[in-house]
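These are the residues of each chain, in order.
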Amino acid sequence: MPFPITNPVQTAQQTPKHYGITSPISLVLPKELDLVLTQKLTEALKPFGVFEEELELQRRILVLGKLNTLVKEWIHEISESKNIPASLIENVGGKIFTFGSYRLGVHTKGADIDALCVAPRHVERSDFFTSFYDKLKEQEEVKDLRAVEEAFVPVIKLSFDGIEIDILFARLALQTIPENLDLRDDSLLKNLDIRCIRSLNGCRVTDEILHLVPNIENFRLTLRAIKLWAKRHNIYSNILGFLGGVSWAMLVARTCQLYPNAVASTLVHKFFLVFSKWEWPNPVLLKQPEDCNLNLPVWDPRVTPSDRYHLMPIITPAYPQQNSTYNVSVSTRNIMVEEFKQGLAITDEILQNKADWSKLFEAPNFFQKYKHYIVLLASAPTEKQHLEWVGLVESKIRILVGNLEKNEFITLAHVNPQSFPGPKEGIDKEEFSTMWVIGIDFKKMEGSEHLNVDLTFDIQSFTDTVYRQAITSKMFEPDMKITVMHVKRKQLHQLLPDLVIVKRRKHSTEGLRGMNDSSVDLSLDSDNSMSMPSPTSTSSSAAVKSAHSASTHGASTPSSLGPPAGKRPGSTLQSEKEKKLKVEEVMPLHTIKVWYPVPEELSSQVVCCCVADLFPSCFQKMASADLSDVPLLPANPIPVLKNSIKLRLSR
């Protein structure tokens, strides 16, 4: 079984083999100073828990060994029940493969393990979710067992002796599964079910990455540093439009190909150099795409029009090649490129001995960066409903960011990948809520004293999309709510924990350190590591998990993207009374009731989800609202929230 064991950094040796689609930029061997800086980098990473103790690593190997034995026993039992000849049963095989951060050898303390169960052709997927599930249930070490069979990439989740494991299933068109099976073999994909192809993709991509880098140990240490940096700088989340673990791994792998003899300290610097100057949307490729004539959809802008509009394509190296970053938007790309430039400046200082590595991993204060913020709140009455609701809302936040980007008065919308517990509506009412914060940069208008901005349409089209999918997927429940509000920087402390908000007037390094250390959970290593847990219910998980599972398990489902829309004109406020208001006098949230027609077949599912003005003690109330766009009450109404946000910004 391919279990990664991380060793100390090795001195690179000149490698004659050619890696990647271009020649290397430099073949220079490391100097003594480079080795010293690499050792310092390793020491700087240790306090963040990115390295696992040897004892814990051996425990993981033991757990995976037990799981592998269970798989073999289960397949043996299934084979007997299906009257497979005894001569075949003896060598029928079956195997657990790993992928993701664990397979790459860059998992952190407490991280989960992504695993794949590979079975021969006579074992059905239904067997995996019934008899194998029952076999796992019998194991005393197994806790929190749940199956998500309807997900985009079906999965069994469990905790085995305290280690979280996600197990996918793939049934190959083979009579037996040999121990030395290489999943990179494209011929294995012939005649496979699409769900099996998706499940195999994670392992195939991970194995290809490891085969396409010149020095695995240098690659691993560099990737650990880059992943930590990305998490600390709030740009690690595929589902929210940044990059997930696989994408960061491919960028680091490409850097290693361009500098095959460099050690980690040099590679971190070259990473920022290369990608701060990369001319997007030119794709990042680790190898030339190959066509296996299996008629599977692959990323190819020459053939697929929607692929031409991907902003930051990073292409997986295994067939069928996919873009792992189809969620990236104009704002998230601009934010990441700016972070690359700042990373380059810092690593320049480090290499010149003007700074140490800790500076690279300092977390910027997101809550002081912008003057204006949009706060998004998702709430539900029970914990189970809350997990499902949060999963769906989070998977659609990138739509809200896209809507805000198109507003002619907004230059940037920056969503913080970390979510926070939301405030409760009332003391007596049981409610679970999660909150996300989006920083907004408004355009600076020349020759204008005031700027009128109406975000109502941007917000409403987002909430409509979420509610529509919740109803269609039959996961909508009473009192599942979305609330969107505008707050200014000085108001954030009323909604967010004191630990997060660091007042400008207090220049305490202890307070900043407290915010930095608490603002990210480094034990989570999936593409969705900054978010709430994924839903555990099997009844509605397909809708919620599709965006998450596609990236986490290596499969890509590019959305149907058209040409980038131009800036949408924002509405202006005409009232003379409003013209005299400054932004401080405008209430950040006003909620009004709007009625929408519901298809007759869904009328029995309709429930009330409308709320009045929330948290009145926190904000001033707006004197009036424009209700001119409220339609007449239809025959089968569904009450939903309308968030009317109209701002008047003083220049």
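Conventions adopted
Residues numbered from 1 in each chain as written. Predicted model: local features only at pLDDT ≥ 70, side-chain atom pairs only at ≥ 80, totals over all residues. Heavy atoms only, no water. UniProt positions renumbered as here; feature names shortened; annotations may be inferred. Helix = DSSP H or I, 4+ residues; strand = E, 2+ residues; numbered from the N terminus. Expected span 1.5 Å × (residues − 1). Buried < 20%, exposed > 50% of the residue type's maximum accessible area, 1.4 Å probe, protein only. Arc of directions from axis to C-beta. Contact = heavy atoms within 4.5 Å. Phe/Tyr/Trp six-rings, centres within 6.5 Å; stacked < 30°, edge-to-face > 60°. Lys NZ or Arg CZ within 6 Å of the ring centre and 35° of its normal.

Looking at an unreviewed UniProt entry, one finds the protein named Poly(A) polymerase and attributed to Astyanax mexicanus. Under the UniProt heading Sequence similarities (unreviewed entry), the note attached to the protein is "Belongs to the poly(A) polymerase family." UniProt, in the comment section headed Catalytic activity (unreviewed entry), describes the protein in these words: "RNA(n) + ATP = RNA(n)-3'-adenine ribonucleotide + diphosphate".

A. Up close: helix H1 (residues 32–45). With 14 residues, H1 should reach 20 Å at 1.5 Å per residue; the first-to-last C-alpha distance of 20 Å fits that figure. Considered for burial, the residues of H1 that qualify are Asp34, Leu37, Thr38, Leu41, Thr42, Ala44 and Leu45. Along the axis of H1, the buried positions cluster into a sector of 160°, meaning they face one direction only. Exposed side chains of H1 directed beyond 90 degrees from the buried face belong to Glu32 and Leu33. Elements in contact with the buried residues of H1: helix H7 (216–232), helix H9 (264–276) and helix H10 (330–351).

B. Here's a closer look at the environment of Ile21. With respect to the helices, strands and loops of the structure, Ile21 is situated in the segment before H1. On the basis of relative accessible area, Ile21 is assigned to the partly exposed category, the value being 32%. Residues Ile21 and Leu285, 264 residues apart in the sequence, show an inter-C-alpha distance of 7.2 Å. Setting aside residues no more than four positions away along its own chain, Ile21 makes contact with Arg254, Leu285, Leu286, Lys287 and Gln288.

C. Quick peek at the packing of aromatic side chains. Using the criterion set out here, one finds 26 aromatic pairs in the structure. Ring centres 6.3 Å apart and planes at 20° place the aromatic pair Phe275 and Trp280 in the stacked group. An aromatic cluster is built from Trp229, Trp248, Phe271, Phe272, Phe275, Trp278, Trp280 and Phe340, whose rings are joined through pairwise contacts. Across from the ring centre of Phe152, 3.8 Å away, lies the NZ or CZ of Arg198, which sits over that ring. The ring of Tyr236 has Lys231 sitting right over it, with the charged end atom 4.9 Å from the ring centre.

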